[in-house]
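# Remarks on the overall topology
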Amino acid sequence: MAGTFPSRGVWRRPGLRPVDVIVFAALLALLYGLLRLAPALNAPFLPKTAPSTVSTDPADLPYYAVRSLLRMFIGLILSVLFTFVYATAAARLRRAEKVLIPLLDILQSVPVLGFLTVTVTAFINLFPGSELGLECASIFAIFTSMAWNMTFAFYHSLISQPRDLDEAARIMRLTKWQRFWKLDVPSGMIPLVWNGMMSFGGAWFFLAASESISVLNHTYALPGIGSYVAAAIAQSSLSKVGIAIGVEIVLVIAVNVVFWRPMVAWAEKFRFEESEAAERPRSLVLDLLRRSSVPDLVSRPLRPVGRALDRVTRPFGLAEHPLQRPVVRARTGDVFFAGAVFAVVVYGAWRALDYVHVSIGLGAFGPAFVDGAATFGRVVVLLIVASVIWVPVGVWIGMNPRVSRLAQPVVQVLASFPANFLFPFAAAFFIATHISLNFGGILLMALGSQWYILFNVIAGASAIPSDLREAMQLMGVRGWLRWKDFILPAIFAAYVTGGITAAGGAWNASIVAEVVNYGHHHLTATGLGAYIAAAARVGDFPKVLVGVAVMSVYVVGLNRLLWRRLYHLAETRYSL
Amino acid sequence: MTTPGPVILEAQGVTKAFTTPDGRALPVLDGVSLTLREGEIVALLGRSGSGKSTFLRCIAGLISPSAGTVTYRGELLNGANPGVAMVFQSFALLPWLTVQQNVELAMEARNVPEAERHAKALHAIDLIGLDGFESAYPKELSGGMRQRVGFARALSVDPDALLMDEPFSALDVLTAANLRGELTRLWEGHDFPVKAVLIVTHNIEEAVQLADRILVLSSNPGRIRAELPVPLARPRDRHEPGFEALVDTVYGILTGREEAAEQAVASTPGAAPAFNPSEVPLPEVSAGGLSGLLEILAALGGRDGLAELADNLSFEVDDLLPLVDAAVLLGLAEVHGADLEITDQGREFATADIDASKMLFGKLASERVPLIRAIVNGLRATADGTLREGFFLDLLRRGFSDDEARRQLDIAIDWGRYGELFEYDKESGQLVLGSDPAKVGV
């Protein structure tokens, strides 16, 4: 699995079902609920004191970079905590699972950026008159871009735990707390770390988009590298954007070397025998740490804490469930639970539709779907062009071990790099050449999302067994035949994984890519992303709700109708 | 030999059924009872499909029986059995903990103070011959050493009863023999902290070597077919006559089912019988393996003891008996007591060239295997000689679980393809009658 997302089980669930209607209703209800968190529309809730821009003095950049990094790590810590609680609840509580997993599915498909305005206003309302609300909103945006993926991965590792270890833990009578730390967390460590690393890379994009944001015709900026770029763009200063890009590259690489690489190498310790990796990830930093006295210095004072926690959590009982349950009571409970969930969902969906109906009318869904079709077209073109370009390149890199050793980290940095930093260059180019953003938007969306295809194709190509390659070579299979019957089928599974991620990323990116400002130029494309962005800027919440709901419908529909089928095909037919 | 003491565990009429998608209950265990007393080793012997591991898990309190009760020292279980420790076939060690940490984990769960925990773990590690490996990770150890950690972990908590789920079957023959010997030595010695042992196995010699009592389970569903005391003094020599006689007896008991199956086939000669595939489930065997067995049997003079055959091939019961089942089902061999004898057809099958032997295989399969006969007849009845696999899967689901129905159809497809009776297209799930009807002579 060298390098591909280890959370494939996520896609193993079946296609479009009647229950999806309920799921969509729940989506509407959820979006509406979030909207209600935001304050009344006409209330003067925004602190006029918050700065609308930051200084563009490069000397301030290191400080901004640290602030941004801090936000990223707070977001990561929150995501891990959320993952532990949510995934454990979903895996261990029978009824909760029925609600939590579809909900997670929805959350994963909602374009987070579309809701930035709503969350910003909600958080400002929580901390009136303070910058803390903005800070929270930014961290929340980062959190939402990381958490779902990690939660799914951890949930999947919990439910696919080896049966013998589960039985051993039960028969040893481990307490709930002991089981969680001795079995559940270690066995989910590898997917958690890998997904954490991937999500962290993706989150830079959201950091950049959420540090400087316009709500209700007012722009707010937090000290950070994202707002620095925004300020530089407003001044049309490409050189300052360039400096920020340099700093960002250093940041991404440094975080990889100092944090993620050691984490990945360390997590190898938690690998089960059967799935031994061909090449063990190594990390110099980790080796250094292991040789030093740091681990001992850190763990010694923590040991009594661990013992105390072990004692304190003992009353919570064993990680065991009674073998016999009164059937009638369980059934009645099920019925009541299902009824309550159903009622809440239906009520919420009805309120959401009613809210749209009385404000802008249900007819608003029509134009949104039309705009969605435009964005859909862009996503399709993007996927085709990116595949045509990156599949051959990825195969070439993946099949040359020497090249791929050099290229892998580069591609990883490219995938982590927030594409919105590059937007001003593209915008300047479009303005100079008079290219409409209707077409240019495709390029902007591709800047961030295409790397997922490349990344996964490289991983897939390098995982092709060498004896198979040698056999093909000996039989003289070459040219088109080699591609058609050997390479494309062999990388298909990896390609589908890349395609899913790339498409998801492109939809999200459309919200910032279909409306681009550069200096005093404003470029706009027709599309759902522009629809949502425009509605968000003027605080037209019903339109935001409609736009986000429609985009979710597109994303979920595409996943169910296309990607999952391809995924199923890849798993059953083309798995190596 | 000690006289059995007070009852530790008691299972009464344990029945376990899993539910098929269409709501029918498929029994895995049917009314199995067992009493485990202090001072005895009991072996639970059965082939795959006898539900012996399921039964062990009922006793361990890991799953609940559909009917019947399990008590520990008179208390009804409603959760993991507090008085037992378990040794797993797959060892079930946590790969991220060292040997010592793995052994201490069970005691940690029981809130044993740290110093005592440490001392007891070292004692258990020492007892089981692991000293020097305390700080090793399971990955660094061989299979045999890993299972020693499994034993040390189980013994460290001084359980009333030790449950073992095929503890030696993942090990190579020599390592398994070595560990078995040490287990016997510990049991006979005085500082073994366990009062009784229940071992689940499909290895007949292992059962005879270790146990005071052997319970033989039949398959599909599991029922107790026989209970055999083992009146041999330890250490037991597998070449002494009493040992060999007992092994032969057990072989005879275990192959008894196939005679019944043969009768079921023989009672409906030629003419279309009522299709009841669950009466004669197909053993999971490839045609190649079958022809290998018959070649060896022919080379050995056409008749040999099952125990000797297994020994010669270093096969376990679960490897050999499905092959025997298949040979008997196809009429290629016959079981007499604990011996296997090749038939004339079997000799022909083993010595003919590949095409002739495939044709014979196809002929026998379409005559004697109800499922394959049903498929061939079904395909012939259609105009274009094609049927969807779903049709047969639905039929099979009447008598098998979903997975088992799939497995049965896969075996039938494998056999049918080998005998060139029909073809199968996995993409569309279509079964197509073989192109040459002459080959499909019934």
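Computed from a predicted model, the values in this text were never measured in an experiment.

Bringing the overall build of chain A into the picture now. Counting secondary structure elements, chain A contains 20 helices and four strands. What you see for chain A is a C-alpha radius of gyration of 25 Å, in line with the 25 Å of a compact globule of 576 residues. Principal-axis analysis of the C-alpha atoms places the extent of chain A at approximately 65 × 65 × 55 Å. When each of the 576 residues of chain A is scored for burial, the buried share is 53%. Looking at chain A alone, contacts between residues at least 24 apart form 82% of all its contacts between residues at least 6 apart. Accessible surface for chain A amounts to roughly 26100 Å². Of this, 69% is attributable to carbon and sulfur atoms. Taken together, the 48 basic and 31 acidic charged side chains of chain A have centroids lying 3 Å from each other.

Attention shifts here to the overall build of chain B. Within chain B, the secondary structure is distributed over 15 helices and 16 strands. Its C-alpha atoms give chain B a radius of gyration of 24 Å, within 12% of the compact-globule value 22 Å for 442 residues. For chain B, the spread of C-alpha atoms along the principal axes amounts to about 80 × 50 × 40 Å. Residues counted as buried form 54% of the 442 residues belonging to chain B. Expressed as a percentage of contacts within chain B between residues at least 6 apart in sequence, the contacts between residues at least 24 apart total 69%. When the 39 basic and 64 acidic side-chain charges of chain B are each reduced to a single mean position, those positions are 4 Å apart.

Mapped onto the secondary structure, leucine 232 of chain B falls in the loop between strand 10 (224-229) and helix 7 (241-266). Each C-alpha atom, one on leucine 232 of chain B and one on arginine 57 of chain B, is 29 Å from the other, the two residues being 175 residues apart in sequence.

With that out of the way, let us pick up unusual backbone geometry. Negative phi characterises most residues that are not glycine, and trans characterises most peptide bonds. Residue and element names in this part refer to chain B. Cis geometry is found at the peptide bond from arginine 234 to proline 235, where omega equals -5°. Following the sequence through the fold, proline 235 ends up in the loop between strand 10 and helix 7. Notably, alanine 92 is not glycine yet its phi reads approximately 55°, a positive angle. For alanine 92, the location among the structural elements is in the loop between strand 6 (84-87) and helix 2 (99-109). Unusually for a residue other than glycine, glutamate 420 sits at a positive phi of about 55°. Of note, glutamate 420 is situated in the loop between helix 15 (402-418) and strand 15 (422-425).

Before going further, it helps to spend a moment on the packing of aromatic side chains. Tallied over the full model, the rule gives 33 aromatic pairs over all chains. Seen in terms of ring centroids, phenylalanine 369 of chain A and tyrosine 554 of chain A are 5.9 Å apart; in terms of plane orientation they differ by 45°. Their pairing is tilted. Taken together, the residues span a long stretch of sequence, with phenylalanine 369 of chain A in helix 13 (residues 365-399) and tyrosine 554 of chain A in helix 20 (residues 541-573) at a distance of 185 residues. A relative accessible area of 35% means that phenylalanine 369 of chain A is categorised as partly exposed. Take tyrosine 554 of chain A: its relative accessible area is 18%, and that puts it in the buried class. Taking 5.8 Å as the distance between ring centres and 70° as the angle between the ring planes, the aromatic pair formed by phenylalanine 361 of chain B and tryptophan 415 of chain B counts as edge-to-face. Residue phenylalanine 361 of chain B is located in helix 12 (residues 354-368), and its partner tryptophan 415 of chain B is located in helix 15; the two are separated by 54 residues in the primary sequence. The ring of tyrosine 418 of chain B carries lysine 358 of chain B above its face, with NZ or CZ at 5.3 Å from the centroid.

So, on to the interface of chain A and chain B. Counting from both sides, the interface comprises 29 residues of chain A and, opposite them, 33 residues of chain B. Summing the contributions of chain A and of chain B, the shared interface buries around 3000 Å²; its carbon and sulfur component is 55%. Of all residues in chain A, Ile171, Met172 and Leu323 of chain A give up the largest surface area on contact with chain B, accounting jointly for 24% of the area buried on that side. Counting every contact that joins chain A to chain B gives three salt bridges. The shortest N-O distance in the salt bridge between lysine 182 of chain A and glutamate 108 of chain B comes to 3.6 Å. Across the contact surface, chain A and chain B share 10 residue pairs in polar contact (both at pLDDT 80 or more). Contributions of two or more residues to the side of chain A that touches chain B are made by helix 6 (163-171) and helix 7 (176-211) of chain A. At seven residues, helix 6 of chain A tops the list of elements feeding residues into the side of chain A that touches chain B. In the side of chain A that touches chain B, the residues fall into 11 nonpolar, four polar and 14 charged.

A separate point is the nonpolar core. Counting residues in hydrophobic clusters, the biggest one holds 323 residues, and the most contacted among them are Leu162, Ile214, Tyr251 and Trp415 of chain B. Apart from the residues within four sequence positions on either side, tryptophan 415 of chain B is in contact with Leu282, Pro283, Val285, Ala326, Leu329, Leu330, Phe361, Val369 and Ile372 of chain B.

Residue and element names in this part refer to chain A. On the surface, Leu289, Val294, Leu297, Val298, Leu302, Val305 and Leu309 cluster together into a nonpolar patch covering about 590 Å² of accessible area. Here the nonpolar patch takes six residues from helix 11 (residues 294-312), the largest share from any one element. Mapped onto the elements of the fold, leucine 289 is located in helix 10 (residues 284-291).

Turning our eyes to something else, we now look at the sheet that holds strand 14 (residues 386-388) of chain B. Residue and element names in this part refer to chain B. Spatially, 14-16-15 is the arrangement adopted by the three strands of the open sheet, whose pairing is antiparallel. One side of each edge strand has no neighbouring strand; the edge strands of this open sheet are strand 14 and strand 15. This sheet shows a mean twist of 25° between the axes of neighbouring strands, independent of strand direction. Relative to strand 16 (residues 430-433), strand 14 is paired through three bridges, and the arrangement is antiparallel. Across the sheet, residue threonine 386 finds its bridge partner in strand 16, namely valine 432. Along the sheet, helix 13 (residues 370-381) contacts strand 14, strand 15 and strand 16; its crossing angle with strand 16, the most-contacted strand, is approximately 75°. Of the strands in this sheet, strand 15 and strand 16 are in contact with helix 15, which crosses strand 15 at around 130°.

Residue and element names in this part refer to chain B. Mean pLDDT for chain B: 85, with 91% of residues reaching 70 or above. Scored below 50 in pLDDT, residues 260-274 makes 10 contacts in the model with residues more than four places away or belonging to other chains. Counting contacts from residues 437-442, a segment whose pLDDT is below 50, to residues more than four positions away or on other chains yields 11 contacts. If you check the scores for this complex, the pTM reads 0.80 and the ipTM reads 0.74.

So, on to the sheet that holds strand 11 (residues 303-305) of chain B. Residue and element names in this part refer to chain B. Taken in spatial order, the three strands line up as 11-13-12 in an open sheet, and their pairing is antiparallel. Edge positions in the open sheet fall to strand 11 and strand 12 (333-336), since each of these has one partner strand only. The average undirected angle you get between the axes of adjacent strands in this sheet is 20°. As paired strands, strand 12 and strand 13 (residues 339-342) are joined by four bridges and run antiparallel to one another. Looking across to strand 13, one finds that histidine 336 is bridged to aspartate 339. Across the sheet, helix 10 (residues 317-329) touches strand 12 and strand 13, and the angle it forms with strand 12 is around 115°.

So, about helix 15 of chain B. Helical geometry: 3.6 residues make up each α-helical turn, so side chains three or four residues apart lie on a common side. Residue and element names in this part refer to chain B. When the terminal C-alpha atoms of helix 15 are compared, their 24 Å separation across 17 residues agrees well with the 24 Å that a helix rising 1.5 Å per residue should span. Residues of helix 15 that are buried: Ala405, Gln408, Leu409, Ile411, Ala412, Ile413, Trp415 and Gly416. Of the surrounding secondary structure, the elements contacted by the buried residues of helix 15 are helix 10, helix 12, helix 13, helix 14 (389-397), strand 15 and strand 16. Note on helix 15: the residue one or two positions beyond its end, glutamate 420, has a positive phi of about 55°.

Another aspect to go through is the pairing of strand 7 (residues 161-165) of chain B. Side-chain positions along a regular strand alternate between the two faces of the sheet. All names here are of chain B. Burial within strand 7 is extensive, with five of its five residues counted as buried. Neither face of strand 7 is open: one carries Ala161, Leu163 and Asp165, the other Leu162 and Met164, and all of them are buried. In terms of strand pairing, strand 7 meets strand 8 (residues 196-201) through five bridges, oriented parallel. Paired with leucine 162 across the strands is valine 197, a residue of strand 8. Note on the crossover from strand 7 through helix 5 (residues 173-188) to strand 8: the handedness is right-handed.

Residue and element names in this part refer to chain A. Note: strand 3 (residues 515-518) against strand 4 (residues 521-524), four bridges, orientation antiparallel. Residue pairing for strand 4: valine 516 is matched across the bridge by leucine 523. Remark: two residues form the turn of the hairpin made by strand 3 and strand 4, two consecutive strands paired antiparallel; glycine 519 in that turn has positive phi of roughly 60°.

Another point: a negative patch on the surface. A surface patch of like charges, here negative, comprises Asp237, Glu244, Asp248 and Glu308 of chain B. Along the chain, the position of glutamate 244 of chain B falls in helix 7.

About the criteria used
Residues numbered from 1 in each chain as written. Chains lettered and ligands numbered in written order. Predicted model: local features only at pLDDT ≥ 70, side-chain atom pairs only at ≥ 80, totals over all residues. Heavy atoms only, no water. Helix = DSSP H or I, 4+ residues; strand = E, 2+ residues; numbered from the N terminus. Rg over C-alpha atoms; globule rule 2.2 N^0.38 Å. Buried < 20%, exposed > 50% of the residue type's maximum accessible area, 1.4 Å probe, protein only. Contact = heavy atoms within 4.5 Å. Areas by Shrake-Rupley, 256 points an atom, 1.4 Å probe, with all protein chains shown as cover. Lys, Arg positive; Asp, Glu negative; His and termini not counted. Charge placed at Lys NZ, Arg CZ, Asp CG, Glu CD. Phe/Tyr/Trp six-rings, centres within 6.5 Å; stacked < 30°, edge-to-face > 60°. Lys NZ or Arg CZ within 6 Å of the ring centre and 35° of its normal. Buried area = accessible area lost by both parts, 1.4 Å probe. Salt bridge = Lys/Arg side-chain N within 4 Å of Asp/Glu carboxyl O. Polar contact = N/O pair within 3.5 Å; in protein donor to acceptor, adjacent residues only side chain to side chain. Nonpolar A, V, L, I, M, F, W, Y, C, P; charged D, E, K, R; others polar. Core = buried A, V, L, I, M, F, W, Y, C linked by side-chain atoms within 4.5 Å. Patch = residues over 30% accessible without salt bridge, like charges linked within 9 Å, V, L, I, M, F, W, Y side chains within 5 Å. Pairing = 2+ DSSP bridges. Axes fitted to C-alpha atoms, helices over the stretch in contact; angles between N-to-C directions. pLDDT = per-residue confidence, 0-100. Expected span 1.5 Å × (residues − 1). Right-handed = clockwise from strand over helix to strand, strands pointing away.

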